[in-house]
Amino acid sequence: LTGIPLRGAGDLRNKVGLLRIGKSIKLDLIRNGKKETVTATIGPQRETKTEAGGEEISPKLKGAEFGALEAFWPGTLARSGDLDRARRLEDSCFKMWNLYGVEPDGLDYSDMKVTYPSYPLRPEIIESAFYLYRFTGDPRYLRMGRSFYDSLVEYCRTDSGFDSLRDVRTKQKADAMPSYFLAETLKYLYLLFAPPEELDLNKVVFNTEAHPLRKSP
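Rules and cut-offs
- Residues numbered from 1 in each chain as written.
- Predicted model: local features only at pLDDT ≥ 70, side-chain atom pairs only at ≥ 80, totals over all residues.
- Heavy atoms only, no water.
- Helix = DSSP H or I, 4+ residues; strand = E, 2+ residues; numbered from the N terminus.
- Buried < 20%, exposed > 50% of the residue type's maximum accessible area, 1.4 Å probe, protein only.
- Contact = heavy atoms within 4.5 Å.
- Areas by Shrake-Rupley, 256 points an atom, 1.4 Å probe, with all protein chains shown as cover.
- Axes fitted to C-alpha atoms, helices over the stretch in contact; angles between N-to-C directions.
- Parallel < 35°, antiparallel > 145°, perpendicular 65-115°, else oblique.
- Left-handed = near helix turned anticlockwise from the far one by under 90°.
- Nonpolar A, V, L, I, M, F, W, Y, C, P; charged D, E, K, R; others polar.
- Polar contact = N/O pair within 3.5 Å; in protein donor to acceptor, adjacent residues only side chain to side chain.
- Salt bridge = Lys/Arg side-chain N within 4 Å of Asp/Glu carboxyl O.
- Expected span 1.5 Å × (residues − 1).
- Phe/Tyr/Trp six-rings, centres within 6.5 Å; stacked < 30°, edge-to-face > 60°.
- Lys NZ or Arg CZ within 6 Å of the ring centre and 35° of its normal.

Caption draft 1: Highlighting the overall build of the protein. If you tally the helices and strands in the protein, you get six helices and eleven strands. Counting all 217 residues of the protein, 39% fall into the buried class. When contacts within the protein are restricted to residue pairs at least 6 apart in sequence, those whose partners lie at least 24 apart make up 54%. For the protein, the exposed area adds up to about 12,600 Å²; of that, 51% sits on carbon and sulfur atoms.

Caption draft 2: Up close: the packing of helix 4 (residues 124-136) against helix 6 (residues 180-193). Here helix 4 crosses helix 6 at 25 degrees, and the two axes come no closer than 9 Å. Between helix 4 and helix 6, the interaxial angle falls into the category roughly parallel. The crossing of helix 4 and helix 6 is left-handed. Together, I126, E127, A129, F130, Y131 and Y133 of helix 4 and T185, Y188, L189, L191 and L192 of helix 6 make up the contact between the two elements. Residue classes in the contact of helix 4 with helix 6 are distributed as nine nonpolar, one polar and one charged.

Caption draft 3: Examining the side chain of R122 more closely. On the secondary structure map, R122 appears in the loop between strand 5 (113-116) and helix 4. A polar side-chain atom of R122 sits 2.7 Å from a polar atom in the side chain of D105.

Caption draft 4: The arrangement of unusual backbone geometry in detail. Residue K171 is not a glycine yet carries a positive backbone phi of 65 degrees. Assignment of secondary structure puts K171 in the loop between strand 8 (165-167) and strand 9 (172-173).

Caption draft 5: Expanded view of the pattern of salt bridges. Evaluation of the coordinates by the stated rule reveals seven salt bridges. A salt bridge links D84 to R88, with the nearest nitrogen and oxygen atoms 3.4 Å apart. A residue pair is termed a helical-turn pair when its members lie 3 or 4 positions apart in one helix, as D84 and R88 do in helix 3 (residues 83-100) at four residues.

Caption draft 6: How the structure looks around helix 4. Taking 1.5 Å of rise per residue, the 13 residues of helix 4 would be expected to cover 18 Å, and the 18 Å separating its terminal C-alpha atoms lies within 8% of that figure. Considered for burial, the residues of helix 4 that qualify are E124, I125, I126, E127, S128, A129, F130, Y131 and L132. Backbone geometry just downstream of helix 4 places G137 in the positive-phi region, at approximately 70 degrees.

Caption draft 7: Summary view of the packing of aromatic side chains. Counted by the stated rule, this structure contains eleven aromatic pairs. Geometrically, the ring pair formed by Y131 and Y188 is tilted, given 6.4 Å between the ring centres and 55 degrees between the ring planes. With a gap of 57 residues between them, Y131 in helix 4 and Y188 in helix 6 connect regions that are remote in the sequence. Like Y188, Y131 is buried. Grouped by ring-pair contacts, the aromatic residues F130, Y131, F135, Y188 and F206 constitute a single cluster. Above the plane of the ring of Y155 lies K171, whose end atom (NZ or CZ) is 4.8 Å from the centre.

Caption draft 8: A look at helix 3. In this model, helix 3 (18 residues) spans 27 Å end to end at C-alpha, consistent with the 26 Å of a helix rising 1.5 Å per residue. For helix 3, the full list of buried residues reads A86, L89, E90, S92, C93, F94, M96 and W97. On its buried side, helix 3 packs onto strand 3 (65-66), helix 2 (73-80), strand 4 (106-108), helix 4 and helix 5 (140-156). Phi turns positive, to about 85 degrees, at G101, one or two residues after helix 3.

Written out as structure tokens, the structure is:
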């Protein structure tokens, strides 16, 4: 990305998401075995009535798809200091979670229809609730956390662990528990309810896989 190596898709989304409007970027990539270069300019946010808020979304907005994997973004906004948008987007994510008791991997907010029905025990919405609680102290995020926990126990718990869902609408299980469920999902859920001294965010930063790294003095 503009001469800076990327470690993966998560690294790309984080770097692009924090760029200022008007910033030009160049992305070198390999597609079908051939090297290509893509250039783009970061544009302003499209005007909508809400932050993808369901019923009041602009009728002109088509394909307003969002999903469990993108629910990291409220946490990133909170860490950048943009708490207003972080709150509103987390509320929107929580609405997606409550639609079927567990969030789908894809939801079109223009008609509130599920586009990808699976839930592979993703951590991102819990990660965002953790950061928002740390930065605001608002107990609503503890209540969100309790909802996440209760849903995981009710729909995903098995005799031998926790299971992904093949379809959040039917709660059909997929016989799979990704390792990141332990490394990320449960870690953020624990930290959400842990006392602040358990982890000092002034001294530690998490990478995209929730591995803690000590900040340099």
